[in-house]
Amino acid sequence: GLELRDAHAGLYPGVPAPRITTKTDDFHGNIDYVWTTPQLRVTKLLALPRGTDVPEGGAFPPIPSADWPSDHLATGVEFVV
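These figures come from a predicted structure and were not determined experimentally.

Parameters and conventions
Residues numbered from 1 in each chain as written. Predicted model: local features only at pLDDT ≥ 70, side-chain atom pairs only at ≥ 80, totals over all residues. Heavy atoms only, no water. Helix = DSSP H or I, 4+ residues; strand = E, 2+ residues; numbered from the N terminus. Contact = heavy atoms within 4.5 Å. Areas by Shrake-Rupley, 256 points an atom, 1.4 Å probe, with all protein chains shown as cover. Phe/Tyr/Trp six-rings, centres within 6.5 Å; stacked < 30°, edge-to-face > 60°. Buried < 20%, exposed > 50% of the residue type's maximum accessible area, 1.4 Å probe, protein only. Polar contact = N/O pair within 3.5 Å; in protein donor to acceptor, adjacent residues only side chain to side chain.

A.B. asks: Describe the overall build of the protein chain, with residues and values.
C.D. replies: Counting its regular elements, the protein chain contains zero helices and six strands. When its helices and strands are written in sequence order, the protein chain yields β-β-β-β-β-β. Sequence separation of 24 or more characterises 74% of the internal contacts of the protein chain that already satisfy a separation of 6 or more. Accessible area for the protein chain stands at about 5,500 Å²; split by element, carbon and sulfur atoms hold 57% of it.

This is the structure in structure tokens:
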């Protein structure tokens, strides 16, 4: 079968996968993923805004907002085949 894994997991030891990729007044969580296989090597991750790396989203505001016009934060991964 196809062996999929979260591309964010394990790239940088001690750096967790994103805790939030969306936040509203009554919900926060990581609902956006980039999947990879053992044949692809992750070399870079797109940095997420400050405050998104803690479970509650820290001081990061609910989105969309004037500063963050989407209801999802962009996630990005660079691979080497």
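A.B. asks: Which residues make up the packing of aromatic side chains, and what values do they have?
C.D. replies: Applying the stated criterion to the full structure yields two aromatic pairs. Ring centres 5.4 Å apart and planes at 15° place the aromatic pair tyrosine 33 and tryptophan 35 in the stacked group. Judged by relative accessible area, tyrosine 33 falls into the partly exposed class, the value being 41%. Ring centres of phenylalanine 60 and tryptophan 68 lie 5.6 Å apart, and the angle between their planes is 50°; this geometry places the pair in the tilted category. Relative accessible area serves as the criterion here: at 32%, tryptophan 68 is assigned to the partly exposed category.

A.B. asks: Give me the lowdown on the side chain of lysine 23, citing residues and values where you can.
C.D. replies: Within the secondary structure, lysine 23 is located in strand E2 (residues 22-23). Look at lysine 23 and you get buried, because its relative accessible area is 11%. At a separation of 2.6 Å, a polar atom in the side chain of lysine 23 contacts the main-chain carbonyl oxygen of phenylalanine 60.

A.B. asks: Tell me about unusual backbone geometry, and please be specific about residues and values.
C.D. replies: Looking along the chain, the bond that leaves isoleucine 63 and enters proline 64 is cis, with omega of 5°. Along the chain, the position of proline 64 falls in the loop between strand E5 (41-45) and strand E6 (77-80).

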